[in-house]
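Fold and geometry: a report
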Amino acid sequence: MATLTKSRLRASAGVSLVAALALTGCSASPAEDSDNDQDHEDHTSEEQGAEETQGPQSRLVMTYDGGVMVIDAASLETVAELEIDGFNRINVAGDGRHVLVSTQGGWQVLDAGTWTEPHGDHTHSYAVEPALTDLLIEADTPAHVVNHDGNTILFDDGTGDVTVLHSDDWGEAIDHGHVHTVREYRAPEAHHGVAVTVGDDMLFVTTGNEDGRDGAVLLDANDEVVAESDQCPGIHGETTVGDNVVAGCEDGVLILHGDHFHKIDAPDDFGRIGNAFSVDGSEIVLGDYKNDPEAGNELSDIALIDTEAESMQIVDTESTYTWRGLARGMDASALVLGTDGSLRVFDEESGELTATIPVIEAWTAPEEWQSAHPAIAEHDGFVYVTDPETQTIHVVDYASGEVVRSGELPHAPNELVVSTAELPEAGAHDHDEEGDHDH
């Protein structure tokens, strides 16, 4: 049975309420909605074939060998199976509806088919059949996608090209057959990199070449260097905490704070953080942690990085995991899916293990990071856990410590993202939740 700390118990009531609403697919009662909108029965979206739903209808998007499948997040029923050749990766596009598929030739835009529109002092939500659109943002080696402060930022590893778009422009881009970029930049040398917009006109960009990476620069609107650091060997992965950018290094993390960089050293000479996860309202970042340069994908420790105190705490998870098994909870907890099949919940401040929830059978981390293995994603108080071995997905209420629903999948899943169907909050600090493992 899961045990919860006092802080988790205080948070669980709010989490469980949101969780209950998510399972029913309802954000407001019909009575509440009709009080706000007398013409509710007549309100329709302009999109052909769209059906109105009772609140945002979230969908899960998963890759499999040969395509992408879309699953209803509440019922776990399959909504669509979309064939696409090759090994593909997926990232949310930042608008709650679209997903970018990293595939041959660039990022192809997938419409998950569920969204929300503002209507006066409230909203209406709709759904259509998911579809792979004809819109392709061309790239030599499509890699990191970051969503931050209303922008979607793409990085092409093959050229070093950075492309910045407004996250709410995807629908218009699909209609017109091309994207409207708000900023473009090419790094001096191509590398496995990432970029983040900062404030109104700044751009954080990693530095490196095909042989390695060592740091980052902050550029102004004219691409002039405002600040730079070469003190982050193997820089990889990023997240944002407020207006600060946090990136992992092989010996700690590099933080862009305003117009200058800070470094938080790892407690080990080699202490690699390759993927970082933040959550709104918290100064603490969750990172994967590797202190053995010869280790593979299977890790045992996590890093809890306090960006305000500029300190780092290393926590033994009491199991092993891969980067696909990390997420953040609504209560800012750190969530880790172990190879023993249990979801562990850690307090972000103390590092205390507050709950251990058995979900799936024990599994083995693959030698190749591309190989299908369990992944998790958090949304509205639930953690979705995939199991490629049994072709199943499970929904975990991590506040109550229960697996509340399970479903069968038509294919063995690999990568997983959530299409929330919700309107992004103005100024929200989204980030690259899953990261992009070194290759």
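Remember, predicted model here, so these are calculated numbers, not experimental data.

Considerations on the packing of aromatic side chains
Applying the stated criterion across every chain, the model contains four aromatic pairs. Summarising the aromatic geometry, the rings of phenylalanine 204 and phenylalanine 261 are spaced 6.3 Å apart at their centres and angled 50° between planes, so their arrangement reads as tilted. Of this pair, phenylalanine 204 sits in strand E16 (residues 202–209) while phenylalanine 261 sits in strand E22 (residues 260–265), and the two are 57 residues apart along the sequence. Residue classification places phenylalanine 204 among the buried positions, given a relative accessible area of 0%. Taken together, the ring pairs connect Phe87, Trp323 and Trp369 into an aromatic cluster. One residue, arginine 97, lies across the ring of tryptophan 115, its end atom 3.8 Å from the ring centre.

A short note on the side chain of asparagine 414
Along the chain, asparagine 414 falls in the loop between strand E34 (402–408) and strand E35 (416–419). From its side chain, asparagine 414 meets the backbone oxygen of glutamine 370 in a polar contact 3.0 Å long. Excluding anything up to four places from it in sequence, asparagine 414 contacts Thr63, Phe87, Arg324, Gln370, Ser371, Ala372, His373 and Ala375.

Thoughts on the pairing of strand E12 (residues 151–156)
Counting buried positions over the six residues of E12 gives six, a clear majority of the element. Burial along E12 is two-sided: the face carrying Asn151, Ile153 and Phe155 and the face carrying Thr152, Leu154 and Asp156 are both buried. As paired elements, strand E11 (residues 142–148) and E12 share five bridges and run antiparallel to each other. Within the sheet, the bridge partner assigned to proline 142 lies in E12 and is aspartate 156. Two successive antiparallel strands, E11 and E12, enclose a turn made up of two residues, where aspartate 149 displays a positive phi of approximately 55°. Where E12 lies against strand E13 (residues 161–166), five bridges are found, and the strand directions are antiparallel. Counted as the bridge partner of phenylalanine 155 is valine 162 from E13. Connecting the antiparallel pair E12 and E13 is a turn made up of four residues, with glycine 160 showing a positive phi of about 80°.

A short note on the confidence of the model for the protein
Put simply, the protein has an average pLDDT of 89, and 86% of its residues get 70 or more. When the criterion is pLDDT under 50, residues 1–42 qualifies, and its contacts beyond four places in sequence or with other chains add up to 64 contacts. Contacts from residues 426–436, a stretch scored under 50 in pLDDT, to residues over four places away or in other chains number 42 contacts.

Regarding the sheet that holds strand E1 (residues 51–53)
One open sheet holds the three strands; their spatial order is E1-E9-E8, and the pairing between them is antiparallel. Each edge of the open sheet is held by one strand with a lone partner, namely E1 and strand E8 (114–119). Sheet twist, expressed as the mean angle between neighbouring strand axes with direction ignored, is 40°. Note: E1 against strand E9 (residues 122–127), three bridges, orientation antiparallel. Its bridge partner being in E9, glutamate 51 is matched across the sheet by alanine 127.

Description of the state of the cysteines
The tally for this structure, following the rule as stated, stands at one disulfide. Covalently, cysteine 232 is tied to cysteine 249 through a disulfide, its sulfur atoms 1.9 Å apart. Sign of the S-S torsion, about -105° for the bond between cysteine 232 and cysteine 249, identifies this disulfide as left-handed. Of this pair, cysteine 232 sits in the loop between strand E18 (225–229) and strand E19 (236–241) while cysteine 249 sits in strand E20 (residues 244–249), and the two are 17 residues apart along the sequence.

Concerning the side chain of threonine 322
Tracing the backbone shows threonine 322 in the loop between strand E26 (311–321) and strand E27 (326–328). On the accessibility criterion, threonine 322 (1% relative accessible area) is buried. Setting aside chain neighbours within four positions, we find threonine 322 in contact with Asn297, Trp363, Ala365 and His373.

Considerations on the pairing of strand E7 (residues 106–111)
Within E7, six of the six residues are buried, which leaves it mostly tucked inside the rest of the structure. Bridge count between strand E6 (residues 98–103) and E7: six bridges; the pairing is antiparallel. Opposite valine 99, over in E7, you have leucine 110 as the bridge partner.

A look at the environment of aspartate 156
With respect to the helices, strands and loops of the structure, aspartate 156 is situated in strand E12. What makes aspartate 156 buried here is its relative accessible area of 5%. Separated by 34 residues in the primary sequence, aspartate 156 and alanine 190 have C-alpha atoms spaced 8.1 Å apart. Dropping the residues within four chain positions of it, aspartate 156 is found in contact with Trp107, Ala139, Asp140, Thr141, Pro142 and Asp161. Within the structure, the side chain of aspartate 156 is placed 2.8 Å from the backbone nitrogen of aspartate 140, a separation counted as a polar contact.

Quick notes on the sheet that holds strand E30 (residues 353–358)
Spatially, the four strands line up as an open sheet ordered E27-E28-E29-E30, and their pairing is antiparallel. Strands at the two margins of the open sheet, each flanked by one partner only, are E27 and E30. Strand-to-strand twist across the sheet, computed as the mean angle between neighbouring axes with direction ignored, equals 20°. Across three bridges, E27 lies against strand E28 (residues 334–337) in antiparallel orientation. Residue pairing across strands places leucine 326 opposite valine 336, the latter belonging to E28.

Rules used throughout
- Residue numbers restart at each chain and count upward from 1, following the sequence in its written direction.
- This being a predicted model, a pLDDT of at least 70 is required before a residue's local features are given, and a value of 80 or more before pairs of side-chain atoms are given or counted; all residues contribute to the totals for chains, interfaces and linings.
- Only hydrogens and water are set aside when side-chain values are computed; all heavy atoms of the structure are taken into account.
- Pairing of aromatic side chains requires ring centres within 6.5 Å, counting the rings of Phe and Tyr and the six-membered ring of Trp. Pairs whose planes differ by under 30 degrees are stacked, by over 60 edge-to-face, and all others tilted.
- Helix numbers and strand numbers start at the N terminus; a helix is a DSSP run of H or I with at least 4 residues, a strand a run of E with at least 2.
- The rule is simple: take the accessible area with a 1.4 Å probe, protein chains only, and divide by the maximum for that residue type; under 20% is buried, over 50% is exposed, in between is partly exposed.
- Counted as over-ring charges are cases with an Arg CZ or a Lys NZ within 6 Å of the ring centre that also lie within 35 degrees of the ring normal.
- Counted as a polar contact is a pair of N or O atoms within 3.5 Å, where, for protein atoms, one must be capable of donating a hydrogen and the other of accepting one, and residues adjacent in sequence contribute only when both atoms are in side chains.
- A contact between two residues is defined here by any heavy atoms of the two lying within 4.5 Å.
- One requirement defines pairing of two strands: DSSP has to find at least two bridges between them.
- By definition, pLDDT measures how confident the predictor is in each residue, and it falls between 0 and 100.
- Every angle, taken between N-to-C directions, lies between 0 and 180 degrees, and every axis is a line fitted to C-alpha atoms, over only the stretch in contact when it is a helix.
- Cysteine sulfur pairs qualify as disulfides if the two atoms are within 2.5 Å.

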